[in-house]
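# Structure assessment
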Amino acid sequence: MRAAGGFVLFGLALGAIPFLGLPAFYETFLYLLLHAVVLATSWNILSGYSGYFSFGHGAFFGTGVYVTAALVAQYNWSFLATLPLAAGAAAALGLLLGAVVFRVRALRGELFALLTLAITFVLATIMLNKVDGGPGIQVMTDIPKLAPTASGALYLLMLAIALITVWSAYAVFYSRFGTGLFAIHDDEDVAEVMGVPTYRFKLAAFCLSCALAGLAGGIHAVFVSYVTVAETFSIALAVNVVLMSALGGTRHWLGPAIGAIVITALLYGFTAGQAPVLGRALVGVILIAVIVLMPEGILGKVLKHWRRKSATRPSSGTEPELVRAPSPNSEPILVVRGVSKSFKGVHALTEASFEVHRGEILGLVGPNGSGKSTFINVVSGHYPADGGSLVFEGAELIGRPAHRIARAGIARTYQVPRPFAHLSVLDNVALPPMFGRVTMDRASAEAEAWRWLEFTGLAGKAHVRPAELNLHQRKFLELARALASRPKLLFLDEVLSGLTPTEMDEAIRLVRAIREQGATIVFVEHVMRAVMELTDRIIVLTYGKPIAAGLPRDVMRDPQVIDAYLGGVHA
Amino acid sequence: MPSATLIGQSVLSGVFIGALYGLLGLGLSLSWGMLRQVNLAHFALAFLGGYLTFQLAARLDPFVTLAITVPLFFLAGVGLHWFLSRFAPDMLNTLLVTFGLTTIIEAAIQWIWTADFQRMESAYGAMRWKVGAFYIPFPEAATLLLAMTLCGAMWALLRFTDFGRAARAMTEDPAMAAAFGVNEKRLGYVISGLAAAFAAVAGMCLALTHTLAPVQIYAWMGVVFAAVMIGGLGSAIGPLAAGILIGVSEALTMALTAPTWAPLVSFSLLIAIILFRPARF
Amino acid sequence: MKKKVFMLEVRNLRVSYGAAPAVVDASLDVEAGGLAVVVGPNGAGKTTLINAIAGLHPAEAGTLRIAGTPLSGMPAHRYCDHGIALVPEGRRLFTALSVRENLELGSYRSAARARRAESLEEVCSIFPVLKERLDAAAGVLSGGQQQMLAIGRALMARPKLLLLDEPSLGLAPAIVLELFRVIRAVNAAGVAVLLVEQNVAAALDIARRAYVLEEGRIVAAGEPRELAAQPHIQRAYLGLH
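Along each chain, residues carry numbers from 1 onward, in the same order as the chain's sequence is written. Chains and ligands are labelled by the order in which they are written, letters from A for the one and numbers from 1 for the other. Only residues with pLDDT of at least 70 are given local features in this predicted model, and only at 80 or more are side-chain atom pairs given and counted; all residues enter the totals for whole chains, interfaces and linings.

### Considering the overall build of chain A
- A count of helical and extended segments in chain A gives 22 helices and 12 strands.
- Over its C-alpha atoms, taken along the principal directions, chain A stretches across nearly 90 × 50 × 45 Å.
- Here a residue counts as buried when 20 or more other C-beta atoms fall within 10 Å of its C-beta, as exposed when 12 or fewer do, and as partly exposed in between; the C-beta atoms come from the backbone. Counting over 571 residues, chain A shows a buried share of 53%.
- Contacts in chain A between residues far apart in sequence, at least 24 positions, make up 74% of those at least 6 positions apart. Elements are defined by DSSP. Helices are runs of H or I of four residues or more, strands are runs of E of two residues or more, and each kind is numbered from the N terminus. A pair of residues counts as a contact when their C-beta atoms, built from backbone coordinates, are separated by no more than 7 Å.

Printed below as a string of structure tokens:
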């Protein structure tokens, strides 16, 4: 709560400015500065944090502008009363848009950017024809007497909004919500599989971002006092917010504000004669330079040098616990019945049926293309199945969104490690406990993460980015991340491939230790000696179907299995 | 209800403007579809071409100015591709960098030619034919002809030559194309150069048929993007067909309702395509 | 004793994916007109090895020589100029192009382009089913037909060395039989072949020299019949000792 205190003090200090008797020019300049801070920071809450770059921020700002302008000019509302509606209308628009767009998996990246740009133009056209009528709207109203001058009063209002906006960005940044958004940015599919409710989070971030922009728009309508569609919905706004955030750093709550201050100062430094043109050219040069030289923005670059956080390591050396279960029996924890999955005509799984017994280590083996990885992807919810049923502890999994499957207690590793690239190793492992079967708060999640890092030997690399790990460490990171959510059923997808014999022995030891604590493990692997050593039972898949199941020695001597592997074809 | 002649003339003008959309879209389609670079600066480049034509038209016939602008712009395209592949490999970053470039070019245009509207005076401006009840102005007809010729030629190039096959293979699987001898880098330069050269021609047509102003650059972005996305990324003829479709719809909308509703057509189409066929991109 | 002419010489090749080594210290030879196979279980590094030989993936260390010419430092698109043609894992056809266009692209390199018509005739006679479907889009062909097209595309380059990566993957046994017959015929016509396969029996049957790749290393080399009798293969594939 120290931060809250800091914000209030800062706000009070800035709030004193209108009472200093400065010329109106300064109050106007400061207003515009704050206006830019609000727009850039609100944009960043969705776009910077989650990676969904919107080029349509102008649409929501414009909605706020026009709601206030129309209500004041055409219906004689009091200006302050229109503000909640301005925010609400913008948020509603964002909700509507997001509800449709965020459902469609393919709409990411540049498509989302273009879609939001198109929305701005459509909205502008509708506003022009239906609300504005062409010549614009004159907004004449009484401004509340908050300060000696009108511009001072507007400055104070915008200051309030700026404080709310930056505070929101700060709060989200340090919350579980924010961690989820950053995970979505790095790898949305994996985030979903780890338990992050991606659709809900994106929608929430979008609505918040739009509401704040709408609020700023409401005030701006009164500031400019004459509102036109061309000025309000200009493409310049859309791009300026992107530029400001990129300059300051999109991955930080304060980045957009810094960028906004720099750019606004630059633009208003050039006000005489031909200078505005130069100013715009300079803005373009800066944009290019920033993207090329400082892809992480000013703040990103500065913070890189400050990354060594002093970590509070919990002193407990106890081994972490999973679900305690009795020794392996034949009670099924997962029942697979007739599960099928095809990709563009290729049948990856064809009516596969088998059972996984509670507490066992089950080996899932088979030649290349036999459907092993596909099976894991279907169980974890990465892909929807085409048919069949998957019953986990009595509940049907097929049709459930991936984050709910994670909540049920299923975890998996990826054959090619997919860590969240911009989160530290610690944050990577702390994420599943916040969203998995046992949802913890941040502090407990971090403590949990430390325990698993120690278990896998990665404690020394806790604050490092995954890119700095070697393959063996990355595979163990996958393992730690999967374990951190305390799953009941764990899928290991070729966790040993690429490891040296020594590293492999260590991994085998770890897998045994995990089972000893009660988790059921399904182990997809090609390294046959590991499979023989570790597994209680083996199931062999070929062409998407199981052809044999039983004890390892027996199964691998089965003539059908030998045939599948070595091929019975003699040319 | 407007007369048949008015509707017919509207359709005709829709076709003409659509041809310009297609011509502007040709370069964008190639660089986006084949090189995976969304080049926002394409529009600024076209306008620069238009302004250069305007400048040179004082001494030269506008069509002759192409002999200067086309090679110049081809080289600019090569340079741009070099810069983008070196410094902005990410799609989103390319979008931002090219937007920065657009701002710079726009500022340069305003510096040299001012923000005022400029209209190129040429003998062609006054020429027009009457076919039945309809007027066919020469500049617009020339644009249509140029658009059809260039789009058609590019289509043929892509369809029937080794270069075209190599480009299409490279778009799909650059590593495998390289395994058969396709030099991705060199092809990239050629395609980027061509896209910029087409921008030069589109610029000339712009100068011929429209009044130029720096702020106009942004007005064309949305509708041409729509034409390219509807016509198909990497297609040479698609954007032209889509452009004409959009142009005619806009013209009819204008004739039957009010001009200010026209932008709704292209953007709504664009939104619909993005929402219902995202896999095309 | 006659000195052997090697079409392909690989010495101490090391190929990595980022920090992880996938192929370590691999050495093998293919004689001019020879037919060699590399067998090994999944994850052994077979595709990495063949991609490195084809130029698709850079090798960190070691040497590659084709017909005596060293290939180090050469850009990917120059490999085929030296007579290498690849039939990659999963076919990797250009689905946006027709069958004919895929074949034409196979002969993109200048030396092959001159003889395109002749090559097309030959490929069509080897694979009559392609001749019937020349104008179909490559993406609509069946798995077996696609594999034939992939081989045909490589043959259009008039290679001296044909590289095949798991051509039998996902195909029915009857088609696999036909495929291997074609590979033997192509080899008989003078093209050296390096075949990477998971289907051990079929591979050892046609090869004149065999290598076993396990966890990135060549653990055995020799005559196919000798190798089949040794415990290496059993151990590598089935984990039995």
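From this point, things continue past the structure.
### Structural notes on the interface of chain A and chain B
- At the junction of the two partners, chain A supplies 33 residues and chain B supplies 35 residues.
- Elements with a contribution of two residues or more to the side of chain A that touches chain B: helix 5 (109–132), helix 10 (235–248) and helix 12 (275–293) of chain A.
- Take the side of chain A that touches chain B: its biggest share by element is 13 residues, from helix 5 of chain A.
- Classification used: nonpolar for Ala, Val, Leu, Ile, Met, Phe, Trp, Tyr, Cys and Pro, charged for Asp, Glu, Lys and Arg, polar for all others including Gly. Class assignment of the residues belonging to the side of chain A that touches chain B gives a composition of 26 nonpolar, 5 polar and 2 charged.

### Quick look at the nonpolar core
- Core analysis: the biggest nonpolar cluster contains 376 residues, and Met158(A), Leu23(B), Val201(B) and Leu163(C) have the highest contact counts within it.
- Contact partners of Met158(A), with chain neighbours within four places excluded, come to Tyr31(A), Leu34(A), His35(A), Val38(A) and Ile219(A). Nonpolar cores are identified as sets of buried Ala, Val, Leu, Ile, Met, Phe, Trp, Tyr and Cys residues joined via C-beta atoms within 7 Å.

### Topic: the packing of helix 9 (residues 216–231) of chain B against helix 11 (residues 262–276) of chain B
Residues and elements named next belong to chain B.
- To obtain an axis, a line is fitted to C-alpha atoms, over the contacting stretch when the element is a helix, and the angle between two such axes runs from 0 to 180 degrees between their N-to-C directions. Here helix 9 crosses helix 11 at 40°, and the two axes come no closer than 9 Å. For the element pair helix 9 / helix 11, the angle class is oblique. Crossing handedness for the pair helix 9 and helix 11: left-handed. Contacts between helix 9 and helix 11 involve Gly 222, Val 223, Phe 225, Ala 226, Met 229 and Ile 230 on the former and, on the latter, Ser 266, Phe 267, Leu 269, Leu 270 and Ile 273. Here the word oblique covers every angle except those under 35 degrees (roughly parallel), over 145 (roughly antiparallel) and from 65 to 115 (roughly perpendicular). Helix crossings get a hand from a simple test, with the near helix turned counterclockwise from the far one by less than a right angle marking a left-handed crossing and a clockwise turn marking a right-handed one.

### Overview of the pairing of strand 8 (residues 192–197) of chain C
All names here are of chain C.
- With 6 of its 6 residues buried, strand 8 lies for the most part within the structure.
- Side-chain alternation along strand 8 places Ala 192, Leu 194 and Val 196 on one buried face and Val 193, Leu 195 and Glu 197 on a second face that is also buried.
- Two strands qualify as a pair provided DSSP detects at least 2 bridges between them. With 5 bridges connecting them, strand 3 (residues 35–39) and strand 8 associate as parallel partners. Across the sheet, the residue bridging to Val 37 is Leu 195, located in strand 8.
- Both strand 7 (residues 161–165) and strand 8 contribute to a ladder of 5 bridges, which runs parallel. Note on strand 8: the bridge partner recorded for Leu 164 is Leu 195.
- With the strands pointing away from the viewer, any crossover whose connection runs clockwise from the first strand over the helix to the second is right-handed. With helix 7 (residues 173–188) bridging strand 7 and the parallel strand 8, this β-α-β connection has right-handed handedness.

### Examining the environment of Val277(A)
- Looking at the secondary structure, you find Val277(A) in helix 12.
- Under the C-beta neighbour-count criterion, Val277(A) is labelled partly exposed, with 19 such atoms within 10 Å.
- In contact with Val277(A), not counting residues within four places along its chain, are Ala107(B), Gln110(B) and Trp111(B).

### So, the packing of helix 6 (residues 162–172) of chain B against helix 2 (residues 99–106) of chain C
- Where helix 6 of chain B meets helix 2 of chain C, the axes come as close as 10 Å, and the angle between the chain directions of the two elements is 100°. Classed by the angle they form, the pair helix 6 of chain B and helix 2 of chain C counts as roughly perpendicular. Touching Arg165(B), Ala166(B) and Ala169(B) of helix 6 of chain B are Glu101(C), Glu104(C) and Leu105(C), all from helix 2 of chain C.
- Tallied by class, the residues present in the contact of helix 6 of chain B with helix 2 of chain C amount to 3 nonpolar, no polar and 3 charged.

### A short note on unusual backbone geometry
- In this model, Asn76(A) sits at a positive phi of 60°, which is unusual for a non-glycine residue.
- Mapped onto the elements, Asn76(A) comes out in the loop between helix 3 (57–75) and helix 4 (79–101).
- Given 8 C-beta atoms within 10 Å, Asn76(A) falls into the exposed group.
- The phi dihedral of Asp25(C) falls on the positive side, at around 55°, and the residue is not glycine.
- Here Asp25(C) lies in strand 2 (residues 20–31).
- The exposure class assigned to Asp25(C) is partly exposed, which follows from the 14 C-beta atoms found within 10 Å.

### Regarding the domain arrangement of chain A
Residues and elements named next belong to chain A.
- An automatic or database domain assignment is the source of the domain bounds shown. Entries for chain A in the domain assignment read domain 1 (25–235) and domain 2 (331–409 + 517–566).
- Counting residues at the interface gives 8 residues for domain 1, matched by 7 residues for domain 2.
- By residue number, the principal contributor to the side of domain 1 that touches domain 2 is helix 7 (residues 176–193), which donates 3 residues.
- Of the residues that constitute the side of domain 1 that touches domain 2, the class distribution is 4 nonpolar, 2 polar and 2 charged.

### Here we look at the environment of Val336(A)
Residues and elements named next belong to chain A.
- Summarising the element assignment, Val 336 is placed in strand 3 (residues 332–343).
- Placed 216 residues apart in sequence, Val 336 and Thr 120 show a C-alpha to C-alpha distance of 48 Å.
- Excluding residues within four positions of it along the chain, Val 336 makes contact with Ala 352, Ser 353, Phe 354, Glu 355 and Leu 390.

### Here we look at the sheet that holds strand 12 (residues 545–550) of chain A
All names here are of chain A.
- Strand order in this open sheet of 6 strands is 8-9-10-5-11-12, and the pairing throughout is mixed. With one partner strand each, in any of the chains shown, strand 8 (410–412) and strand 12 form the two edges of the open sheet. Averaged over all pairs of adjacent strands, the angle between their axes in this sheet comes to 20°, without regard to strand direction.
- Note: strand 5 (residues 361–365) against strand 11 (residues 537–542), 4 bridges, orientation parallel.

### Topic: the sheet that holds strand 6 (residues 387–392) of chain A
Residues and elements named next belong to chain A.
- What the 4 strands build is an open sheet, ordered 4-3-6-7; its pairing is antiparallel. The open sheet is flanked by strand 4 (346–357) and strand 7 (395–396), the only strands paired with a single partner.
- Each of strand 3, strand 4 and strand 6 is contacted by helix 14 (residues 372–379), which is oriented at about 70° to strand 4, the strand it contacts most.

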